[in-house]
Amino acid sequence: MPAEFDKWWDDTKKHYKRLHCWLPHAKELKTRVSNTRAFRYFTLCARSMIDVFMLAKEGVLIYDSNQDAVMHVRFCESDIEQFPEISELIGIENAGFFGELEKLVLFQDNDFSAQYPTLESIDDALADEGLVIEKRETLQTKRTHLYAKGSFPYDFINLDFCGYYYPKPPDILKINRTVDKFLDWQRQYGNGEISGSKIQVNDFLLSVTCRHDDDFPQEAEKRLAELVKANCRTHPDYKRYLEENRRVSDLNAWIQNAKEDFFLSTWPKEISRLAEQYQWDMEILGYVHYDRVNEENQPYKIACLVCRFTRISDDSGYLEAAICALDQSRRNFISDIGKNTPKGQELLKNLAGIVQLRNQQAKRKRRPLLPMP
Amino acid sequence: MPLNDWKPIKLSAKVFGHISQGLYRTPAGAIKELISNSFDADASVTKIHTGFPYFDTFSCEDDGRGMSLDEFQRLMEHGIGTSYKRTLDNAITEIYNRPIIGRLGIGILSLAQICTQFEIISHHKESKTAFKATIQFPPYTKQDMDKILQKKEEAEKEELLVQGGQYRLEKINYQPEKAGVKIFTKFLRESFRKRMKNLSNYGNKISTEPYKTFEKFMNAVYGIKQKTRSLNLLSDYDQLIFGLALAAPLPYFEGGQGNITLQMPFLRDYKKILTNYKFDVEVDNLTLARPIYLPSNREGRTAQVCRLGKPSAKEFILRDGPHKEKTKVMQYPINMEGADEQFSLYELSYFNKNVSGRPLEFSGYLFQQTGRLYPRDIQGILVRLRNVAIGSYDADIMTYPYAEGPRYSMVSLELFVQSGFEDALNIDRDSFNGLDPHYIRTRTFVHSLLHEVIFPETWTEEKARNKQRREKLASERESSFIKALSKTTKEAYARIEHTETKQRGAASRSDLPPIHFDRVAKTIEIDKAHPSIQKILRRKKHAQLAEQILIAFERANREPNEARRREVFYKLLGDIFSGM
């Protein structure tokens, strides 16, 4: 297998997540959207692109056989080798935003770039060949930032991060701030596929996948503890649920004795807080987690949260989501699924169908094929 | 006593900037270099992505042999332009036996035309080495350089004046499945982006969608309706695709309206050679092919209704200064179903083992049709060296010295150079040195062929055809006039006869009117030499019109009263002018 394909693309647990956690909700939303327009999808798909071809195979995304293209998909990628390949397999030249997602989304003007508020002014400024490389990069990042922002809203935003939701300091909140931006941008009217028409989404899906292990930064731990405390102060129902249902009376003891449960119970609150801020009603549709072992044989956990956001009618969503995250029974632990077990075989069979579709496209475009799982 | 020993002459960065950014006349001319590099590296495909329609990234990848770390370092450290890729004129590649195009190793420099910085990743099959490098060109244009120099401290000036850019190199692990070269940049020059982003004339304004097939692109190019029918009427992006498709060593496009030249045995063989190179170029998911439709489709006259006739030899004398040479071409008449027009196709070949001490050999074809070829960009001559187009079609046909009027626009030539011409190529590999003996000999061949064979034949044919057309038109006008005259006067006439008055037995011409209406014979006789009308009918161009007005006058004059005379005359005048 070419070394470049992401290591876990054919992992049965990962595919279980795709199939049972992402797909049903995407299909359900698609049926509601399809009367008015095409389904719009944003992904961090990497070159295996299983999620894209799964949605295409299931008819959630439109595959246009005239131009061999999966329509209305946008992705972000910073690898210069993978970027053209993913674009090509999608079949739409401007499907990608080149760069690191957080860097593009969280772009902030400095005094220099602030002078160029529009795409036209940026292009004009970049026409100055004498512009030093740092300034040039700043303006180019701003340009991609504006393009990315302009591409919103989407029906399904799939943020399958490879890393932590809270990366190591100094900037533990950069992912959270990225999600913050997305929830903000989702409120805007976007450009539709028919020239002149504007798109607004009233509900959409967001999936966030991240890892958790013992390297969880203390700063993040402290932040989440403070959020729990604040919740307990302002929401008696939350406090009651925590004490009665989860039997947590000592927050520090909870953190010390059940770090993993503490993380899984609390980080979704970050997203629900943001939702509240942008007046989205958040509902957790699926919450799965599973174990992995890294190359140094150290265990870590993958957590995936799938939420539906609806334009707010009342503000009950925040508390419901926060309590839902506390509820262990609402979390689905995906235990090991052996490839040779009936369940594993079933998942691999499904995955094989997706790989086949993906490889047909890769063959047409003369790109490396994924091996059959 | 000499003042010093030999010392290297330094190249100013300003000059470097000038050469690299102003080397190629079009973006296609620059990007073509990358395609040539891939071709030379035995790649099966070159994939180019322009980031249409934003054009904020550009990538070019191939699956060829790759560039070795050593080769890259040598180019960077010993100087761009020191490639040893091709030392022999007839060098070929190892896998597909392709004639090697590159010689100087300046392909990388071509990127300076479109970007200020790029990254290159190469996995080299033979040496099993791989590297990743970032190359930064001097960021200045000719004008900017002076501005920058003014801002810089004196100490830095010296450095700027010798630096041709900078690079950063990283050795990476070789992976056989990644063999080839990948180039990527997000640092595109705004001058390039601006041109590409102006899509107001994209796709002949038929669609704003990316081309789904190459045929759709061809439809846009060959569907230009404006009078000049030039590619300049399309977007720069369209011109880029056309330029690359034309320049690259690719087989001809065989769909759509078709190309009659491909029926020629010589081009069928040439097509096989191109196909055996097994080389594809994709630009933004579009697989390119040589974008030629011949003939140009006028009133359904496409290659599908053309048939090549039997060839015959045409001889002519090639005069190159004191050198005189009898040479020949093969002419294939092209018959067209349902039309009396005849186009021609000529097979050209030339070999001389000693043109200024070196052999010169080329072959090619010349297509000639009645009526202009379009788009205008396929009129004239295109020279291919090792199957790569040098520049674009030269509508001036190597500065053809004679005035031939519109006949220029009716010929399209492609010349394939088999040997020679190496020193005729300018450094941009996009144009020729007009003083090179091989260039001069080829030009002489083409000019002699055009002047002695093609244009005289076209001229004679055109004259005959025009005469035929004029006669047909005159006959149609006459019958329409007679019909109108008969209807208005209620007298049946069948034809106009040109006769002399004396044949009607008169003593003197001036005794009788110049026009005689014979209702029995159903003829109108007109004496063109009659003194009263001779002057009126003298100008051939207006003779028929004048004649009809005279007939109308004479016939109206025969009416009994003034009112009726006026009525008939005006009515007939109306018929004459409405039938024009």
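Scroll up to find the structure.
Source: prediction; values computed, not measured. (Residues numbered from 1 in each chain as written. Chains lettered and ligands numbered in written order. Predicted model: local features only at pLDDT ≥ 70, side-chain atom pairs only at ≥ 80, totals over all residues.)

*Asks:* Got a sec to walk through the overall build of chain A? Specific residues and values, please.
*Replies:* Secondary structure summary: chain A contains 13 helices and 12 strands in total. Computed over the C-alpha atoms, the radius of gyration of chain A is 21 Å, within 12% of the 21 Å expected from 2.2 N^0.38 for a compact globule of 373 residues. Taking the principal axes of its C-alpha atoms as reference, chain A extends roughly 60 × 55 × 45 Å. Expressed as a percentage of its 373 residues, the buried residues of chain A come to 39%. Intrachain contacts of chain A at a sequence separation of at least 6 include 71% that bridge at least 24 residues. (Helix = DSSP H or I, 4+ residues; strand = E, 2+ residues; numbered from the N terminus. Rg over C-alpha atoms; globule rule 2.2 N^0.38 Å. Buried ≥ 20, exposed ≤ 12 C-beta atoms within 10 Å, placed from the backbone. Contact = placed C-beta atoms within 7 Å.)

*Asks:* Give a description of the overall build of chain B that names residues and reports values.
*Replies:* Summing up its helical and strand segments, chain B has 12 helices and 19 strands in all. Within chain B, counting contacts between residues at least 6 apart in sequence, those at least 24 apart form 69% of the total.

*Asks:* Give a description of the environment of Phe-517 of chain B that names residues and reports values.
*Replies:* All names here are of chain B. Mapped onto the fold, Phe-517 is located in strand E18 (residues 515-518). Given 18 C-beta atoms within 10 Å, Phe-517 falls into the partly exposed group. Phe-517 sits 38 residues away from Arg-555 along the chain, and the two C-alpha atoms are 8.0 Å apart. What Phe-517 contacts, discounting residues up to four positions off in sequence, is Ile-524 and Arg-555.

*Asks:* Describe the sheet that holds strand E6 (residues 156-164) of chain A, naming the residues involved and giving the relevant values.
*Replies:* All names here are of chain A. Strand order across the open sheet formed by eight strands is E5-E4-E1-E6-E9-E11-E10-E12, with mixed pairing between neighbours. Two strands bound the open sheet, and with one partner strand each, they are strand E5 (96-98) and strand E12 (332-334). Neighbour to neighbour, the strand axes of the sheet diverge by 15° on average, direction disregarded. Pairing geometry for strand E10 (residues 280-293) and E12, over three bridges, is parallel. Its bridge partner being in E12, Tyr-290 is matched across the sheet by Ile-334. Strand contacts of helix H11 (residues 259-277): strand E9 (203-212), E10 and strand E11 (299-311), with the helix running at about 150° to E10, the strand carrying the most contacts. (Pairing = 2+ DSSP bridges. Axes fitted to C-alpha atoms, helices over the stretch in contact; angles between N-to-C directions.)

*Asks:* Let's hear about the pairing of E11 of chain A: which residues, and what values?
*Replies:* Residues and elements named next belong to chain A. Pairing between E9 and E11: 10 bridges, direction antiparallel. What sits directly across from Arg-211, in E11, is Ile-302. Pairing between E10 and E11: 13 bridges, direction antiparallel. What sits directly across from Trp-280, in E11, is Arg-311.

*Asks:* Account for the interface of chain B and chain A, naming residues and giving values.
*Replies:* Contacts between the two partners involve 33 residues from chain B, matched on the other side by 25 residues from chain A. When contributions to the side of chain B that touches chain A are tallied by element, the ones reaching two or more residues are strand E1 (45-49), strand E2 (58-62), strand E3 (115-124), helix H4 (142-151), strand E6 (180-188) and helix H6 (190-197) of chain B.

*Asks:* A description of H11 of chain A should follow, citing residues and the corresponding values.
*Replies:* For H11 of chain A, built from 19 residues, the straight-helix expectation of 27 Å at 1.5 Å per residue is met to within 8% by its first-to-last C-alpha distance of 27 Å. Just beyond H11 of chain A, the residue with positive phi is Gln-279 of chain A, at close to 60°. (Expected span 1.5 Å × (residues − 1).)

*Asks:* Now, about the pairing of E1 of chain B: what can you tell me, with residues and values included?
*Replies:* All names here are of chain B. Most of E1 sits inside the fold, with four of its five residues counted as buried. Relative to strand E7 (residues 280-283), E1 runs parallel, the two being bridged by four bridges. By the bridge assignment, Val-45 is partnered in E7 with Asp-280. When E1 meets E2, the two strands line up antiparallel, connected through four bridges. For His-49, the partnering residue across the bridge sits in E2 and is Ser-59.

*Asks:* If you had to explain the packing of helix H1 (residues 12-33) of chain A against helix H13 (residues 342-364) of chain A to someone new, which residues and values would you point to?
*Replies:* All names here are of chain A. Look at H1 against H13: their axes get within 10 Å of each other, and the N-to-C directions meet at 70°. On the basis of the axis angle, H1 is roughly perpendicular to H13. Viewed along their axes, H1 and H13 form a crossing whose handedness is left-handed. Along its contact with H1, which presents Thr-12, His-15, Tyr-16 and Leu-19, the element H13 presents Gly-344, Leu-347, Leu-348, Asn-350 and Leu-351. Class assignment of the residues belonging to the contact of H1 with H13 gives a composition of five nonpolar, four polar and no charged. (Parallel < 35°, antiparallel > 145°, perpendicular 65-115°, else oblique. Left-handed = near helix turned anticlockwise from the far one by under 90°. Nonpolar A, V, L, I, M, F, W, Y, C, P; charged D, E, K, R; others polar.)

*Asks:* Go over the environment of Arg-98 of chain B, please, and point to the residues and values.
*Replies:* Residues and elements named next belong to chain B. Here Arg-98 is to be found in the loop between helix H3 (69-78) and E3. The class of Arg-98 is buried, set by 24 C-beta atoms lying within 10 Å. With 181 residues separating them in the primary sequence, Arg-98 and Phe-279 have C-alpha atoms 9.8 Å apart. In this view, Arg-98 contacts Phe-39, Ile-92, Thr-93 and Tyr-277; residues no more than four positions away in its chain are not counted.

*Asks:* Account for the nonpolar core, with residues named and values stated.
*Replies:* Core analysis: the biggest nonpolar cluster contains 211 residues, and Val-52 of chain A together with Leu-244 of chain B have the highest contact counts within it. With eight residues, the top contributor of residues to this core is helix H8 (residues 236-247) of chain B. Other than its neighbours up to four places away in sequence, Leu-244 of chain B contacts Ala-28, Ile-31, Lys-32, Ile-35, Val-281, Val-283 and Leu-288 of chain B. (Core = buried A, V, L, I, M, F, W, Y, C linked by C-beta atoms within 7 Å.)

*Asks:* Go over helix H2 (residues 50-57) of chain A, please, and point to the residues and values.
*Replies:* All names here are of chain A. Across the eight residues of H2, seven count as buried, placing the element largely inside the fold. Among the residues of H2, those classed as buried are Ile-50, Asp-51, Val-52, Phe-53, Met-54, Leu-55 and Ala-56. Backbone geometry just after H2 places Gly-59 at a positive phi near 80°.

*Asks:* Account for the environment of Tyr-278 of chain A, with residues named and values stated.
*Replies:* All names here are of chain A. Within the fold, Tyr-278 resides in the loop between H11 and E10. For the pair formed by Tyr-278 and Asp-180, sequence separation is 98 residues and the distance between their alpha carbons is 8.7 Å. Residues contacting Tyr-278, with those up to four places away along its chain left out, are Leu-183, Asp-184 and Arg-187.

*Asks:* An account of the sheet that holds E2 of chain B is needed here, citing residue identities and associated values.
*Replies:* If you trace the eight strands from one edge of the open sheet to the other, you get E5-E4-E3-E6-E2-E1-E7-E8 (chain B), paired in mixed fashion. Strand pairing shows two members of the sheet lacking a second neighbour, strand E5 (166-172) and strand E8 (286-287) of chain B, which therefore form its edges. Across four bridges, the pairing between E2 of chain B and E6 of chain B is antiparallel. Within E6 of chain B, the position partnered with Phe-58 of chain B by the bridge is Thr-185 of chain B. Across the sheet, helix H3 (residues 82-90) of chain A is in contact with E1 and E2 of chain B; its angle to E1 of chain B comes to roughly 90°. Across the sheet, helix H2 (residues 27-40) of chain B touches E1, E2, E6 and E7 of chain B, and the angle it forms with E1 of chain B is around 155°.

*Asks:* Please set out unusual backbone geometry residue by residue, giving values where relevant.
*Replies:* Along the chain, Phe-152 of chain A connects to Pro-153 of chain A via a cis peptide bond; the corresponding omega equals 5°. Cis rather than trans, the peptide bond between Pro-169 of chain A and Pro-170 of chain A has omega equal to 20°. One can find Pro-170 of chain A in the loop between E6 and helix H7 (174-185). Not every positive phi belongs to a glycine, and Asn-387 of chain B is a case in point at roughly 70°. The class for Asn-387 of chain B is buried, based on 22 C-beta atoms found within 10 Å.

*Asks:* So what's going on with the packing of helix H5 (residues 119-126) of chain A against helix H6 (residues 133-150) of chain A? Residues and values would help.
*Replies:* Residue and element names in this part refer to chain A. Close contact between H5 and H6 brings their axes to 10 Å; oriented N to C, the two are set at 155°. Taken together, the axes of H5 and H6 lie roughly antiparallel to each other. When you trace H5 past H6, the crossing you get is left-handed. Here Leu-119, Ile-122, Ala-125 and Leu-126 of H5 come into contact with H6, specifically with Arg-136, Leu-139, Lys-142, Arg-143 and Leu-146. Here the contact of H5 with H6 is composed, by residue class, of six nonpolar, no polar and three charged.

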